[in-house]
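A closer look at the structure
What follows is each chain in one-letter form.
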Amino acid sequence: MYDATSSDVFTSPTRRLPRRRFLSLAVGSSAMVLLTACGSSAPAPAATKPAEAPKPTPAPAAPPAAASPAAAASPAAGASPAPSGSPAAAASPATSGSPAPKPAAEAKPQAPAVKPTMSKVRVLFNVPQDPTFVPDLSAYQRMKDEFGVECDVQEITGADASIKALIAGQAEFALSTLASGILAVGQSQAIKAAVPAAHAPYFTMVVTNDITDWKQLAGKRIGITATSDSSYYTTLLQLRKNGVDPNSIEWVTVRGVPARVDAMKAGKIDVSQVTVGAALELIKDPKFKRFAEIGKDFPNLLFSAYWVTNKMIQEHPTVIQAFAESLMQEHRNAQDKTKYMTNGKKFFEGKIDEATLSQSYDILKEMNIWDPNAARWKNEAGGEFTARTLAEFEAVEKYVPFDQWATTQFSDAARGRLGEYKA
């Protein structure tokens, strides 16, 4: 593997160490180094099936707060009695000469509004400004408007760098794809995926126009952020699925989607996983085309989440809860294209034209990356499949059961407060 451009990669000698040691390098590093992603130049590993591990016991959902008993409250003066056939009337039928039964009091919401214990949080956002993340950007704004919590969003390149910075205490939330976080948990780091983000992979593989089938990828230059990054393991999954030997690939380290777009345009790589907005930009040039989408090839693969430390879960659960509710609300808003376009135009005015934003939405909606109920966050076809698949293809060191690297506490509670979404 070689580096496409010296400006796109981290040139520290630590790049040459095996990827499985990357977190041991991070904890004692300075802030400057931690916020600089370090990619591994190790060759693609051969897939090895992990030993079968026992399935984790599902964590119980957080119960909703009980509503006040209806029968215990009296109606306000002038209130109308319960109509015939209503639950109140049926429970206490009137007899001849007796007063009319009192109506039931209106039930209170299932739970009180969340009152966060912090007024500002740092969020590491390790993805480019792309139409994929309109709900995330909207959720940051909702956190301030609805819960009074300001999100200090700090952009960073690479899922591994995001996880390292979280461990070092440089943020409260780190958006990252799952392999880097699971790898850290497997190495006894006290972090968890607390709020699900993209529920399906959002990458599109773009190739040069001369490539017409999977076999022709052999010998091609494929750009990746690092061998611990989703740009690598998503490609690896697709190669294996389509009978292409990963050892036949010339893996080129190019950190981040924008850098890979530039490398494609400059002719330094032939293939790359990129976000939908970046793909639409690339294919404006007839030299390139969309070739495959990992979310369609592996629809049960969970993809990204907001990671937090275990200490954050213990000390500030209300902050995480507010964020879980904010993002779930915005995933629901994203089901409506009109709402999505309104928000998207606000965030990307002057950067992404309306036609590209609209086309991006159609592709992303088909990918099913925004789950309005977070229903796939923990089930046999989601969390466990993801954990086992990442271990099988050596994107992580070993299989780690879902409940050791993720929690459904906050998504379950958000669903309980907001109710089930129905289209």
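Let us look at the structure shown here. Only a predicted model underlies this, so the values are computations on that prediction, with no experimental measurement involved.

Quick look at the sheet that holds strand S5 (residues 191-196)
Either a parallel or an antiparallel arrangement is found when strands of a sheet pair, and the pairing is made through backbone hydrogen bonds. Taken in spatial order, the 5 strands make up an open sheet running S3-S2-S4-S11-S5, and their pairing is mixed. Edge positions in the sheet fall to strand S3 (150-155) and S5, since each of these pairs with one other strand and no more. Taken over all neighbouring pairs, the strand axes of this sheet differ in orientation by 35° on average, direction set aside. This element, helix H5 (residues 159-167), spans strand S2 (120-125), strand S4 (173-177), S5 and strand S11 (304-309) of the sheet and lies at about 150° to S4.

Some remarks on the environment of Pro286
Note that Pro286 resides in the loop between helix H9 (276-282) and strand S10 (288-293). The exposure class of Pro286 is exposed, given its relative accessible area of 63%. For the pair formed by Pro286 and Asn209, sequence separation is 77 residues and the distance between their alpha carbons is 7.3 Å.

So, helix H8 (residues 257-265)
What H8 keeps buried is the set Val257, Ala259, Arg260, Val261, Ala263 and Met264. Those residues of H8 hidden inside the fold are in contact with strand S6 (204-208), strand S7 (221-224), helix H7 (230-241), strand S9 (271-274), H9 and S10. Just downstream of H8 lies Gly267, where phi reads positive at about 80°.

Quick word on the pairing of S11
Among the 6 residues in S11, 6 count as buried, and that is most of the element. Alternating residues of S11 divide into Ser304, Tyr306 and Val308 and Ala305, Trp307 and Thr309, and every residue in both groups is buried. One ladder, built from 4 bridges, connects S4 with S11; its direction is antiparallel. What sits directly across from Ala174, in S11, is Trp307.

With respect to the packing of aromatic side chains
Counted by the stated rule, this structure contains 19 aromatic pairs. Aromatic side chains Trp377 and Phe402 sit 5.6 Å apart centroid to centroid with 75° between the ring planes, which places their arrangement in the edge-to-face category. Of this pair, Trp377 sits in the loop between helix H14 (354-367) and helix H15 (380-392) while Phe402 is found in helix H16 (residues 402-405), placing the two residues 25 residues apart along the sequence. As far as the burial class goes, Trp377 and Phe402 line up, both buried. The aromatic ring of Tyr399 is capped on one face by Arg388, whose charged end is 4.4 Å from the ring centroid.

A few points about the side chain of Glu325
Looking at the element boundaries, Glu325 is found in helix H12 (residues 317-333). If near-sequence neighbours (up to four positions away) are discounted, Glu325 is found in contact with Val114, Phe147, Ala414, Arg417 and Leu418.

Focus on the packing of helix H13 (residues 337-348) against H14
Orientation of H13 relative to H14, taken along the N-to-C sense of each, is 130°, at an axis distance of 10 Å. For the element pair H13 / H14, the angle class is oblique. In the packing of H13 onto H14, the handedness of the crossing is right-handed. Residues Lys337, Tyr340, Met341, Gly344, Lys345 and Phe348 of H13 lie in contact with H14, whose contacting residues are Glu354, Leu357, Ser358, Tyr361, Asp362 and Leu364.

Concerning the packing of H5 against helix H6 (residues 178-186)
Following both chains from N to C, one finds H5 and H6 inclined at 45°, their axes separated by 8 Å at the closest point. Taken together, the axis directions place H5 and H6 in an arrangement best described as oblique. Crossing hand, H5 versus H6: right-handed. Only Ser180, Gly181 and Ala184 of H6 make contact with H5, whose side of the interface consists of Ala159, Asp160, Ile163 and Ile167. In terms of residue class, the contact of H5 with H6 is built from 4 nonpolar, 2 polar and 1 charged.

Each value, and the rule that gives it
Residues numbered from 1 in each chain as written. Predicted model: local features only at pLDDT ≥ 70, side-chain atom pairs only at ≥ 80, totals over all residues. Heavy atoms only, no water. Pairing = 2+ DSSP bridges. Helix = DSSP H or I, 4+ residues; strand = E, 2+ residues; numbered from the N terminus. Axes fitted to C-alpha atoms, helices over the stretch in contact; angles between N-to-C directions. Contact = heavy atoms within 4.5 Å. Buried < 20%, exposed > 50% of the residue type's maximum accessible area, 1.4 Å probe, protein only. Phe/Tyr/Trp six-rings, centres within 6.5 Å; stacked < 30°, edge-to-face > 60°. Lys NZ or Arg CZ within 6 Å of the ring centre and 35° of its normal. Parallel < 35°, antiparallel > 145°, perpendicular 65-115°, else oblique. Left-handed = near helix turned anticlockwise from the far one by under 90°. Nonpolar A, V, L, I, M, F, W, Y, C, P; charged D, E, K, R; others polar.

Shape descriptors only; they carry no functional weight alone.
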